[in-house]
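As a plain string of letters, each chain reads:
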Amino acid sequence: MELFTGMQFKDWLSLVNLITPILFFLAKKYIQDIITDVKKDIERAIEELENKLNQDQVRITEKVNDIERRVLVIETNYNNKNESIERIETNIDKLFDKIEELKTEIYRNNRN
């Protein structure tokens, strides 16, 4: 420490002027390292979010497809039931027509 005892103020200022660029360089390097680490963390987080979004999109697509299949089954069942109902109605109409024919025939036979 005897090296620093005989230094005057201007010598201290000169020493500070010599050390300042080195300290600024080290500070800049430290800040750049921090920024690089933060960028890597952000990129990793974005990648994880994109992966999760893709997985969620796949799940949503699967659910939409399942719902579409169910709706198609329901529509098919509904159409089949409507066709069955229409056939039943047609058969009932045919039966009533047949009943009317029979009534007419019975009425004719009774008149003769």
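The rules behind these values
Residues numbered from 1 in each chain as written. Predicted model: local features only at pLDDT ≥ 70, side-chain atom pairs only at ≥ 80, totals over all residues. Heavy atoms only, no water. Helix = DSSP H or I, 4+ residues; strand = E, 2+ residues; numbered from the N terminus. Rg over C-alpha atoms; globule rule 2.2 N^0.38 Å. Buried < 20%, exposed > 50% of the residue type's maximum accessible area, 1.4 Å probe, protein only. Areas by Shrake-Rupley, 256 points an atom, 1.4 Å probe, with all protein chains shown as cover. Lys, Arg positive; Asp, Glu negative; His and termini not counted. Charge placed at Lys NZ, Arg CZ, Asp CG, Glu CD. Salt bridge = Lys/Arg side-chain N within 4 Å of Asp/Glu carboxyl O. Patch = residues over 30% accessible without salt bridge, like charges linked within 9 Å, V, L, I, M, F, W, Y side chains within 5 Å.

## Some points on the overall build of the protein chain
Step number 1: A tally of helices and strands in the protein chain yields two helices and zero strands.
Step number 2: By the compact-globule yardstick of 13 Å for 112 residues, the protein chain is too spread out, its C-alpha radius of gyration being 47 Å.
Step number 3: Overall size of the protein chain, expressed as C-alpha extent along the three principal axes, is 155 × 15 × 15 Å.
Step number 4: Within the protein chain, buried positions represent 0% of all 112 residues.
Step number 5: On the protein chain, roughly 11,100 Å² of surface is accessible, and the fraction owed to carbon and sulfur atoms is 60%.
Step number 6: Charge separation in the protein chain, taken as the distance between the mean sites of 18 positive and 22 negative side-chain charges, equals 3 Å.

## Points about the pattern of salt bridges
Step number 1: Counted by the stated rule, this structure contains eight salt bridges.
Step number 2: Put simply, K52 and D56 hold a salt bridge, and the shortest N to O gap is 3.4 Å. Placement of the pair is K52 and D56 together in helix 2 (residues 9-111), with a separation of four residues, close to one helical turn.
Step number 3: With a closest N to O distance of 2.8 Å, D56 and R59 form a salt bridge. Highlighted residues: D56 and R59, both in helix 2, separated by three residues, approximately one helical turn.
Step number 4: By relative accessible area, which is 24% here, D56 ends up partly exposed.
Step number 5: Salt bridges here are not isolated pairs; linked through shared partners, they connect K52, D56 and R59.

## Describing the environment of R69
Step number 1: Relative to the helices and strands, R69 is located in helix 2.
Step number 2: It is 31 Å that separates the C-alpha atoms of R69 and T90, two residues lying 21 residues apart in sequence.

## Comments concerning a nonpolar patch on the surface
Step number 1: The grouping of Y30, I31, I34, I35, V38, I42 and I46 at the surface amounts to a nonpolar patch, some 650 Å² of accessible area in total.
Step number 2: Secondary-structure assignment places I31 in helix 2.
Step number 3: We classify I31 as partly exposed; its relative accessible area is 48%.

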